[in-house]
Amino acid sequence: MTEFENKTYTLNIGVDDFKKMATSNTLFVDKTSFISRLLGSGYHVTLITRPRRWGKTLNMTMLQYFFSIPVKSNGEIDEEERLKKREIFSELKIRELPDILENYLGKFPAIFVSFKEIKGKDYETVEMKVRELIYELYTRYKYLLQSEKLDDIQKTRFKKFITKEFDLAELTNSLFHLSEMLYTHFGQKVFILIDEYDTPLNDWYALQLARDTLSVQEETYFQDVLELFKGIFGKALKGNDYLEKGVVTGILRVAKANLFSGVNNFGEDSILEEDYAEQFGFTESEVNTLLHKARIDQNPETANALKSWYNGYNIGGLTIYNPWSIMNCIQNRGKFKAYWVGTASTALIEQALVLDKFQEEMQTLIEGGSVDMIADPKMVFSDIKSSPNALYNLLLFSGYLTVERSIENDDTTYNCEVKIPNREVRSVFSGSLQKWISKKFNIDVKDYNAFLNDLLKGNVETFTQKLKDYLEVSASFFATGPKNAELFYNGFIMGLVSAVSSQYFVETERESGLGRADLLLIPKPMARYQNALVLEFKFGKSREDLTALAQKALEQIETKNYMAKIKAHETVMRTLKVGLAFGGKDVEVAFK
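Residues numbered from 1 in each chain as written. Predicted model: local features only at pLDDT ≥ 70, side-chain atom pairs only at ≥ 80, totals over all residues. Heavy atoms only, no water.

Here we take up the pairing of strand β11 (residues 371-375). In the case of a regular strand, side chains alternate between the two sheet surfaces. Burial along β11 is one-sided: the face carrying Val371, Met373 and Ala375 is buried and the face carrying Asp372 and Ile374 is not. Bridge count between β11 and strand β13 (residues 414-419): five bridges; the pairing is antiparallel. Counterpart to Ala375 in the pairing with β13 is Tyr414. (Buried < 20%, exposed > 50% of the residue type's maximum accessible area, 1.4 Å probe, protein only. Helix = DSSP H or I, 4+ residues; strand = E, 2+ residues; numbered from the N terminus. Pairing = 2+ DSSP bridges.)

Shown next as structure tokens:
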């Protein structure tokens, strides 16, 4: 329980059932404008893609609760419950549109089904879980068996679903059949709301990235899963005379799957569009209101810190915040840390970020730079291994990049300049960089961090010997050319910085090409080792004397006025000056 402006609220983090949120004393952001925006859309079926934990399910359950006809167990309309709905929505923004309340509130059958838990390593597992999901869906409508408007054929079919005796063809037609029976009973067309449609496919794509080749059996599994969902979605949304409107949400629009081919009057809204920009995620105004109510905006530095941690998403020209991170930050009384990045499996992202061919761009992004790309909502996953642009599409639509500038093309693609949105997401890239370095060193991340600790403790000789040993293991990578060596060493330096940034003040000075990368590490009071480090990196040319180059780097440190900055930190016990000279798989270190 949290007290905001003398009123006590509950912060139910992770609750995505709108009815529970709206009927309890829970603080949430009013997104009922989504209802009017949807009804004003000319599309019969709309696909909305947003990153995970961005309020998709909560908005979908809001639509279900708003539109659905409340029914008693015997199938009669529950007028008392309909009045309760009106009371709830009359306190929200949608009250400003009385015609919508009068004509749509509690007036339509609604089917809500979420595929977010449908995951499996083979087709049989996926089909079994979908069968269970459809069974549970049908049990919510048992009152249809008592309907005098359904004929015997419809009731016999319905009984098959609630006794789990339906075959594959009936499973494929399950949402269509249910919409037909609801239309027959109520005499009203049906809203079909399909949430997280792409979850079953994303797991397979992660498997595809993780392996060089897939077995024939694995390829067959995927095609079977694809056909299953093409059938279910196609029957429900394509040419369904009982459909009022369909809404589908997911993270990605999977072009190769072609799940929505042939669906008439089909509209799409991604993070590149304006139509539903305000309806998913929090606007700056909404965040300011929440922070004010929570009384954690009294410190003027709070807003700047919050923007550094969670801001940076540009959607439809609006600044949009990740709602999961904001609500967790409030729940934890304004404590800033990475809340969103660890909330779900990121296997697909992780597999992509450690591929060699993307490291140059990844390092540019980590350093705060941007990358040009062609954003295509209809991305093809199978291209990720070979196409940086496909990878950027995956990162963009999953919430790991944001658009800085974009120009729409005639073919529904966009020329975009993208960057990492905020500090929270940057931690994912930094972690992946460390994994890539440790992969090249042939050690796990834990050993990599222990190796860096040798440097922080002042054991420079031990650090140097381990570094030489690890580089010897990585010889094959360097053999492919000097560019790879520069890429590796730059990544190594950045990995070092990201590994210690929570305990050290970090200052860097960089130049382009094969120039220097000066690094100053000053321990914060909570750091385990109170050693300050001044490091100078040099990249040697062919046959250059690395020992002399390392000594030159050390001498260069002496001429720089770093000591004044270090002396300002009274907790520093000693200062280590380290010059490192790299050349191919070789390294020499001079220190003082």
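Read on for the rest.
Another point: the sheet that holds strand β6 (residues 243-250). With parallel pairing, the five strands of this open sheet are ordered in space as β4-β5-β6-β3-β7. A single partner strand is all that each edge strand has here, and the edge strands are β4 (110-114) and β7 (266-269). Neighbour to neighbour, the strand axes of the sheet diverge by 15° on average, direction disregarded. Pairing of strand β3 (residues 45-49) with β6, which is carried by five bridges, proceeds in the parallel orientation. Looking at the pairing, Ile48 lines up with Thr249 of β6. Sitting on the sheet, helix α2 (residues 33-40) touches β3, β5 (190-195) and β6, and the angle it makes with β6 is about 120°. (Axes fitted to C-alpha atoms, helices over the stretch in contact; angles between N-to-C directions. Contact = heavy atoms within 4.5 Å.)

Attention shifts here to the nonpolar core. Among the nonpolar cores identified, the biggest contains 100 residues, and Leu396, Phe429, Phe441, Leu467 and Phe492 are the most heavily contacted of them. Not counting residues within four places of it along the chain, the set of residues in contact with Leu467 comprises Phe441, Phe451, Phe492, Leu580, Phe582 and Val587. If you look at the next biggest cluster of nonpolar residues, it comprises 50 residues, including Leu137, Leu171, Trp204 and Phe266. (Core = buried A, V, L, I, M, F, W, Y, C linked by side-chain atoms within 4.5 Å.)

Time to look at the sheet that holds strand β12 (residues 402-408). Taken in spatial order, the three strands make up an open sheet running β11-β13-β12, and their pairing is antiparallel. Two strands in the sheet have a free side with no partner beyond their single neighbour: β11 and β12. The sheet shows a mean angle of 25° between the axes of neighbouring strands, direction not considered. Strand direction decides the pairing type here: β12 and β13, joined by six bridges, are antiparallel. Note that in β13 the partner of Val403 across the bridge is Val418. In the packing of helix α17 (residues 388-398) onto the sheet, contacts are made with β11, β12 and β13, and the angle to β11 comes to roughly 85°.

This part is about helix α18 (residues 423-441). Taking 1.5 Å as the rise per residue, α18 with 19 residues should run 27 Å; its terminal C-alpha atoms sit 27 Å apart, in good agreement. Its side-chain oxygen placed 3.2 Å from the backbone nitrogen of Glu424, Asn422 serves as the N-cap of α18. Asn442 occupies a position one or two residues after α18 and carries a positive phi of about 60°. (Expected span 1.5 Å × (residues − 1). Polar contact = N/O pair within 3.5 Å; in protein donor to acceptor, adjacent residues only side chain to side chain.)

Right, let's talk about helix α19 (residues 445-457) for a bit. Taking 1.5 Å as the rise per residue, α19 with 13 residues should run 18 Å; its terminal C-alpha atoms sit 18 Å apart, in good agreement. Turning to α19, its buried residues number three or more, namely Tyr448, Phe451, Leu452, Asp454, Leu455 and Leu456. Sitting at the amino-terminal end of α19 is Asp444, which places a side-chain oxygen 3.2 Å from the backbone nitrogen of Lys446. Positive backbone phi, at 100°, marks Gly458, one or two positions downstream of α19.

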